[in-house]
Structures are given as structure tokens and as C-alpha cells.
Amino acid sequence: MTTVRRFAKVLVHSLLGIAVWSSVSATASAAEQVNVRFSWKLKGEYAALYVAKEKAYFAREGLEVRLGEGAGAPAALGGLLQGQEDLVLLPGVFALTAISKGMPIKIVALYHPRTPVALISWPEKPVRVPKDLEGKSIATSIGETGTTYLDSFCKKNRIDCDKVKRVQVNAQTRVTQFIQHQVDVVSVYQTNDLPIIEEKEGTKFVVLEMDKHGLDVPGMALVSSDAIIAKKPEVLRKFLKAVGEGVSEMKKNTPEAAEMMMKNWPGHPSATAVAAQVKATAAAIPMSKGHPVGWTDDKVIVDALAMLKETGEIEAPKPSAAYFTNDLLGGK
């Protein structure tokens, strides 16, 4: 065998070895699948996750993340317990109620300690301060955040709730009733409904931010099951780290975050409305030098549980530690 032929044979074997090694290495380092379900349809409130996706923060952590729309918190939590999802993004208050009733889940990151919900009214019949609610009519519906806790809101703001006319309507017609002037007030999420309604009606409504007047209802939160937390703690840590970076970037550059959100949102509202949703979402997320993004304050949970008990949504709260964990966030 000539020297050239021997060299060629060695080279072929070497290349084959490298190919096999590369294949094994790629398989070993394959991205970890993470399934995330939203509790509702796409909206600007979810922008931070799409920032993390578009800027490859998930990929850098070795994660392949699937983000899916939802059809309500109960369905999303059901998928979580069945093992179809690893995490669910939903209003934290729903998680508190579910845990109180025995559901084996926990809040692993709380981004909105107070839901940015507001009462809106027409300029000609404004509700500028809480006391202005007296003598007004307000649309209410089952499970709707702003009015579900109206009694608690009244108590904190010394409003005589007997002087507020509550009009029970279907959840899908609340805003329509308001637009048609059949009620004076309706509650909306600043991170979703408000920008769309104002743009559609061409009106700047009078906005009373309930979260700034004592309505301490935990909002946007990531929730996982006790089983997943025990099985995949490192995967969840990586995911939460990437989302935290997505939140930081969203707060620094909300227009860019809105663009990334729209890129992943077929049939999205106008760019102006989406940007307003993202801006409101970012503004409601507190940032602290002492804690990582998403850190849950025990007092927030304790206060929320007291409110849920007062309104009759739960009977006897569990110890606050049963509702959340900060262990997956890192930092202090």
C-alpha cells in the first residue's frame, strides 16, 4: 500500500470518527423542550417572552421553548397538571385560589404584584377618584378582576358601595354596554383592553387605576406544578433567567419589544395599540437591585389571601409558603 493510499485510509477513518462524535455530541446537547401555555389569547402583556425568544436567550440556555395561546386559566392549569405544559402564564390571583383548593402548583415568578386594572369612564361623566363611583353604574361579570373585588376596593377607599349600581352582564358584552352608554363605568386591563378600546372609539377615557388605589390583586405570574418543579428545577431556572432578561430588555426598549411581539402575532391590533400594551406591561413590573426579576414578596401573597378570604373566594388560607417559591430565580 502506497504512502498516499495509507494516508487516505487514515483520513477517512478520522473523518468518520469525527462525524460519529459530532452526532453523539449534538444528541447529548439537544435543546430541552419547555412547553408554556398562556391563559388567554396573544396580547402585549406576553412581550417579554417573545423578546427572550427573538434575542435567543432561550436558545443560549439550551432551551427549545413552545409558547401557546390559551382559553382561560382553568384549562391552562388543567394542562399543567396533566403534564402537557411545564409552565402557565396567568393572573396570580387564580393560582392563589387554586392552591387554596388543593391544586399542587406554585407561583415560580410574579411579574405584576398588582394587576394593572383600571376603571374607565366617559369624560362627560367621569370617575376621577374612587369616591366618584357613588351614584354611577358599573358593568360586572363573573370572574372579572376589577369588579370581583369591588367591595374590598370600596372598603379601602371609603366608598359607600350601596350607592354604586352594579349591572350584571355577560363577560363578552361588558365593554359593549359601556360603549353604548348603558353603564357609566367598566373595568379593563391597561395591558390589553384599554389601548384597543381607546383607538377604536377615538376617545381618551377617564382612567382610574385601581392598583394605585389599594386593589392589591396579584397579576401576571408564571406557575408550575409541584411535580415539574421537583423533576426539572434546573430547566425552570434557565427559563426564568431568560425571561428575566427579556423583561429587562422590554423595559429598556418597549418599541423594539412591541415589534418582536407583533412578529409572532398574526392578526395583531395596530402597532400603536400593541406598543401601548407593552408599555403598560413593562411599567407594572417592579425592578429591585436586591432581588431578581419575578421575585415574589411574601407580604403580597399574605395580603392577597386576606382579601380572598374577606370576599369569600377561599375559606382558610394555607401558610404563604405553600403558594410560591423564589428558589428557582437565583439571586438574593
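Residues numbered from 1 in each chain as written. Predicted model: local features only at pLDDT ≥ 70, side-chain atom pairs only at ≥ 80, totals over all residues. Heavy atoms only, no water.

**Q** Can you help me understand the overall build of the chain in this one?
**A** Within the chain, the regular secondary structure consists of 14 helices and ten strands. Referenced to the eigenvectors of the C-alpha coordinate spread, the extents of the chain come out at roughly 105 × 45 × 35 Å. Among the 332 residues that make up the chain, the fraction classed as buried is 50%. Partitioning the intrachain contacts of the chain with sequence separation of at least 6 by distance along the chain shows that 81% fall at a separation of at least 24. Per element, the accessible surface of the chain, about 16,000 Å² overall, is 55% carbon and sulfur. (Helix = DSSP H or I, 4+ residues; strand = E, 2+ residues; numbered from the N terminus. Buried < 20%, exposed > 50% of the residue type's maximum accessible area, 1.4 Å probe, protein only. Contact = heavy atoms within 4.5 Å. Areas by Shrake-Rupley, 256 points an atom, 1.4 Å probe, with all protein chains shown as cover.)

**Q** Explain unusual backbone geometry to me, please; I cannot follow it from the model alone.
**A** Glycine aside, the phi torsion of most residues is negative, and most peptide linkages are trans. Although it is not a glycine, A56 sits at a positive phi angle of roughly 65 degrees. Within the secondary structure layout, A56 lies in the loop between α2 (47-54) and α3 (57-60). When its relative accessible area of 35% is taken as the criterion, A56 is described as partly exposed. A positive phi angle, near 65 degrees, is found at H181, a position not held by glycine. Looking at H181, the relative accessible area reads 47%, which means it is partly exposed.

**Q** How should I be thinking about the state of the cysteines in this particular structure?
**A** As used in these notes, a disulfide is a covalent bond between sulfur atoms, one from each of two cysteines. According to the stated counting rule, one finds one disulfide in the structure shown. Sulfur-sulfur distance for the disulfide between C154 and C161 comes to 2.0 Å. Disulfide C154-C161: torsion about the S-S bond near 65 degrees, hence right-handed. (Disulfide = S-S within 2.5 Å.)

**Q** Whenever I open this one, the nonpolar core confuses me. Can you help?
**A** The tendency in soluble globular proteins is for nonpolar side chains to be buried as a group. Counting residues in hydrophobic clusters, the biggest one holds 46 residues, and the most contacted among them are Y111, L222, F239 and L240. If you tally residues by element for this core, the top one is helix α11 (residues 233-252), at eight residues. With sequence-adjacent residues up to four places away left out, F239 is seen in contact with V34, V36, L49, F58, L63, V65, L87 and L222. Counting residues in hydrophobic clusters, the runner-up holds 42 residues, among them V127, A221, M307 and I314. (Core = buried A, V, L, I, M, F, W, Y, C linked by side-chain atoms within 4.5 Å.)

**Q** Sorry if this is basic, but what is going on with the packing of helix α5 (residues 92-100) against helix α14 (residues 298-310) here?
**A** Relative orientation and spacing of two packed helices are given, respectively, by the angle between their axes and the distance between those axes. Where α5 meets α14, the axes come as close as 11 Å, and the angle between the chain directions of the two elements is 70 degrees. Compared by their axis directions, α5 and α14 come out roughly perpendicular. The two elements α5 and α14 meet at a crossing, and its hand is right-handed. Contact residues: V93, L96, T97 and S100 in α5; I301, A304, L305 and L308 in α14. Considering only residue class, the contact of α5 with α14 consists of six nonpolar, two polar and no charged. (Axes fitted to C-alpha atoms, helices over the stretch in contact; angles between N-to-C directions. Parallel < 35°, antiparallel > 145°, perpendicular 65-115°, else oblique. Left-handed = near helix turned anticlockwise from the far one by under 90°. Nonpolar A, V, L, I, M, F, W, Y, C, P; charged D, E, K, R; others polar.)

**Q** Quick question: what am I supposed to make of the sheet that holds strand β2 (residues 63-68) here?
**A** Strands pair in a sheet through their backbones, by hydrogen bonds, and they do so in one of two ways: parallel or antiparallel. Taken together, the five strands give an open sheet; going across it, the order is β2-β1-β3-β10-β4, and neighbouring strands pair in mixed fashion. With partners counted over all chains shown, the strands left at the sheet margins are β2 and β4 (105-110), one partner each. Taking each pair of neighbouring strands and ignoring which way they run, the sheet shows an average axis angle of 30 degrees. In this sheet, strand β3 (residues 87-91) lies alongside strand β1 (residues 32-38) in parallel orientation, the contact comprising three bridges. Among the inter-strand pairings, F38 is bridged to a residue of β3, identified as L89. Lying over the sheet, α2 contacts β1, β2 and β3, oriented at roughly 155 degrees with respect to β1. (Pairing = 2+ DSSP bridges.)

**Q** Looking at this structure, how should I read α5?
**A** An α-helix turns once every 3.6 residues. As a result, residues three or four positions apart point the same way. Summarising burial for α5: eight of the nine residues are buried, a large majority. Here α5 has its buried residues at G92, V93, A95, L96, T97, A98, I99 and S100. Buried residues along α5 sit against α4 (73-81), β3, β4, β10 (220-225) and α14. The first or second residue beyond α5 is G102, which carries a positive phi of 105 degrees.

**Q** Please clarify how the pattern of salt bridges should be interpreted in this entry.
**A** Any two side chains of opposite charge can pair, on the condition that their charged atoms come close. Going through the model one piece at a time under the given rule, you end up with 20 salt bridges. When the shortest N-O distance is used, the salt bridge between D184 and K125 registers 3.2 Å. You can see D184 sitting in the loop between α8 (174-179) and β8 (185-189) and its partner K125 sitting in the loop between β5 (117-121) and β6 (137-140), a full 59 residues away along the chain. In this structure K125 comes out as partly exposed when scored by relative accessible area, which is 41%. Notably, a salt bridge pairs D216 with K156, separated by 3.5 Å at the nearest N-O pair. In this pair, D216 is assigned in the loop between β9 (206-209) and β10 and K156 in helix α7 (residues 150-156), connecting sequence segments 60 residues apart. Residue class for K156 comes out partly exposed when judged on its relative accessible area of 47%. One salt-bridge network, in which partners are shared between bridges, spans R60, E61, K241 and E245. (Salt bridge = Lys/Arg side-chain N within 4 Å of Asp/Glu carboxyl O.)

Scope: geometric values only; no functional claims are made or implied.
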